[in-house]
Structure formats: C-alpha cells, structure tokens
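Here is how the chains run, residue by residue.
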Amino acid sequence: MIRFFSLLRGRALGCALLLLALSAHAAAPIRVGSKIDTEGALLGNMILQVLQAHDVPTQNNLSLGNTKVVRTAITSGAIDIYPEYTGNGAFFFSDEKNPDWKRAGRAYMLVRMLDFAQNRIVWLTPAPANNTWTIAVRADLANSNHLQSMSDLGHWLKRGGSFKLAASAEFIERNDALPAFERIYGFKLKQDQLLTLAGGNTAQTLRAAAQQMSGVNAAMSYGTDGQLAALGMVALRDDKGAQPVYAPAPIIRADALKQYPHIGDWLAPVFRSLDGPTLQMLNARIAVEGKDARKVAADYLKFKGFIH
C-alpha cells in the first residue's frame, strides 16, 4: 500500500512538473521588432499593442536597425515578428529581374511562398499602401526646372543640373534602390553628389534637403512619407517602374504563429485599413508634429476600434 501511494505521488509530481513546463512554454513572449525609421516605429507599435490587447506576452525590440539587421534577426530567431515590405523579396531572394515584384498581388504571393519555403516565415495580410522608394527634390528646384518625374530628372542631370542627394547607405548601395534608378533613367551620381546619413530614416534625409545641409537639394524618400509637403519637397514619379511594389505586412516565424494562431486574424483588419493617405497622415503626426510613435499608434487603434 505504501508503494502504491508513493507511486501515485510520483506520478502526480511528474504531471505537475509537465504542466508547469507546458505553461512556461505557452507563456513565452512574442519578440516584436521593427526597422529604425518613422513608419517602422509606427507599424511595430501597432503590432505590439494589438498583441498586448489580446493578452499575448511580448518583448519590445522596436527600432532595432535597418533592413539587413532586422531581417537577420528574424531569420536567426532573435525576433519573432516585424513589419516588412513585399518588394524587399526581390532583394532577399536575389530576384530583382522578376516583373512580378512590380505587381502588388503577385509580389505578395511570391514573397509569401519563397519565405515560407526557405525560412518558415509567414507573411500575414498586407496593407493596400505602396511605400516604394522615391527621390524627392526641393519644390523650388522642381518648379524652376520642371521636374515631376524621374525621367525629367534624368534628362536634367544629363544637361548638367546641380544635384546632391541625401540618402542612407542602404539606399545608395542596394542594387534595387539608387542603382536601379540610375540604370533605368540613364544617370550616374558621383561621390560628391551624395550625402550618406546613418540609418534609413527619411525624416533625416528630407530635412537635410529642406535645410540645404551641405548643399543637398534632394533626398531619399518613401511613398508614404508624411513630411513631404510640410518640408516643401516634391516626390518624383517613377514613370518607368524602376521600383517594386512595397506593400507593408507583418511577417512572423511559423513556430511563433503556431503558438498564437490568431495573430493573423487580429492584425488583418489593422493592416487592411492602412492605405497610402492614412499612412502619410500617421507618419506626419510623428515626423512633422513630433508626436511619439507609440501614442500615434495607440490613438489610431483605439479610434478604429481595434483595441480598447
């Protein structure tokens, strides 16, 4: 009888330890990252706050670094989820010549397939916005030289136009960024025509051009930048389609999604609501009005009824 009760106690202890281990595993936090720019902070905070509103334990790794840093973090397992852009799939998978990256629906399906097959990363519902890379010039320069498109810029540069661009190292070096514009529009910027700024924050590049820092009169910009009009800058139209479609979407490691399978359902309506004008407005509140990205995200989520 003593051996019987000892066996029961042993089994009960074993079950308790197993349940404790399972509970600890279930409570593992979702590590949320983002890029070190205005929109990255905005979207990262939205993801973080939606998960917290559904009682998911989280770890804040926002504003982690540029694209390479954050991409390495998720593929290595250092973070679980962050907002990425469909067009970056062309860069991630060395597939820049594929025309599908310039078509929103096809770009999403392609990157979703490739990333899951190679990295077990799931692309969740994207936003309808296109945050593509652009080059913006000062409004006075655009008006006096009739610059509305990248073709206009290319022709003007060939005629000897005085031009200096503020941009991140990533924009200058990545084959699908400035080099793509140069190839398609037939110009080549010299080293003294470039001002390289750390990080990928277009608030800095646009401000440098607006203030004519070191002779800068143009800037790396994004399609959803909110500070363009406020700083007197004009984004040049990519009339020959040099850039892919950059639709923002949350991407998550498959094992993290398996742990919390409703994350995609919670984030889908949030990202569906983020069209271009909406993102421009929200980005402007951060970059122009100086509001904190966390508060801007919270105010929007509450206004739309996504969190309470």
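Our subject is the structure listed above.
What you see is a predicted model, and the numbers here were worked out from it, not measured in a lab.

**Q** I keep staring at the environment of Thr 196 and nothing clicks. Help me out?
**A** Looking at where Thr 196 falls in the secondary structure, it is placed in strand E7 (residues 194–197). Judged by relative accessible area, Thr 196 falls into the partly exposed class, the value being 42%. Each C-alpha atom of the pair Thr 196 and Ser 168 lies 5.4 Å from the other, and the pair is 28 residues apart in sequence. The residues touching Thr 196, leaving out its near neighbours within four places in the chain, are Ala 167, Ser 168, Ala 169 and Ile 172.

**Q** Explanation requested: unusual backbone geometry in the structure shown.
**A** Most peptide bonds are trans, and most residues other than glycine sit at a negative phi. The phi dihedral of Ser 63 is positive, around 55°, even though this residue is not glycine. On the secondary structure map, Ser 63 appears in strand E2 (residues 58–65). A relative accessible area of 34% places Ser 63 in the partly exposed class. We note that Gln 212 has phi near 55°; this positive angle belongs to a residue other than glycine. Secondary-structure assignment places Gln 212 in the loop between helix H10 (202–210) and strand E8 (218–222).

**Q** Just to check I follow, could you spell out the sheet that holds E8 for this structure?
**A** The strands making up a sheet associate through hydrogen bonds between their backbones, and the pairing can be parallel or antiparallel. One open sheet holds the five strands; their spatial order is E7-E6-E8-E5-E9, and the pairing between them is mixed. Two strands close off the open sheet at either side, each with one partner strand: E7 and strand E9 (233–235). For this sheet, the mean inter-axis angle between neighbouring strands, taken without regard to orientation, is 35°. In this structure, strand E6 (residues 165–168) lies alongside E7, joined through four bridges in parallel fashion. Within the sheet, the bridge partner assigned to Ser 168 lies in E7 and is Leu 197.

**Q** Help me out: how do you make sense of helix H12 (residues 263–272) in this one?
**A** Structural remark: α-helix, 3.6 residues per turn; residues separated by three or four positions point the same way. Those residues of H12 lying buried are Ile 263, Gly 264, Leu 267, Ala 268, Val 270 and Phe 271. Its buried side turned inward, H12 meets strand E1 (30–35), helix H2 (38–53), strand E3 (81–85), strand E10 (248–253), helix H11 (254–259) and helix H14 (293–303).

**Q** Mind showing me how you'd approach the pattern of salt bridges here?
**A** Across all of its chains, the model carries 12 salt bridges by this definition. For Arg 174, the salt bridge goes to Glu 170, with nearest N and O atoms at 3.0 Å. The exposure classification of Arg 174 matches that of Glu 170, with both residues buried. Residues participating in the shared-partner salt-bridge network are Glu 170, Arg 174 and Asp 176.

**Q** What should I look at first to understand the environment of Gly 87 in this one?
**A** By secondary structure assignment, the location of Gly 87 is in the loop between E3 and helix H4 (89–92). Measuring from C-alpha to C-alpha, the distance between Gly 87 and Asp 100 comes to 9.5 Å, with 13 residues separating the pair along the chain. Residues in contact with Gly 87, not counting those within four places in the same chain, are Pro 244, Val 245 and Tyr 246.

**Q** Just checking my understanding: could you explain the side chain of Ser 151 for this structure?
**A** When you line up the elements, Ser 151 lands in helix H7 (residues 150–158). According to the relative accessible area criterion, Ser 151 is buried, its value standing at 13%. Here Asp 239 takes part through its side chain, which lies 2.5 Å from a polar atom of the side chain of Ser 151. Residue contacts for Ser 151: discarding those within four places in its chain leaves Tyr 185, Asp 239 and Lys 240.

Rules of the game
Residues numbered from 1 in each chain as written. Predicted model: local features only at pLDDT ≥ 70, side-chain atom pairs only at ≥ 80, totals over all residues. Heavy atoms only, no water. Helix = DSSP H or I, 4+ residues; strand = E, 2+ residues; numbered from the N terminus. Buried < 20%, exposed > 50% of the residue type's maximum accessible area, 1.4 Å probe, protein only. Contact = heavy atoms within 4.5 Å. Pairing = 2+ DSSP bridges. Axes fitted to C-alpha atoms, helices over the stretch in contact; angles between N-to-C directions. Salt bridge = Lys/Arg side-chain N within 4 Å of Asp/Glu carboxyl O. Polar contact = N/O pair within 3.5 Å; in protein donor to acceptor, adjacent residues only side chain to side chain.

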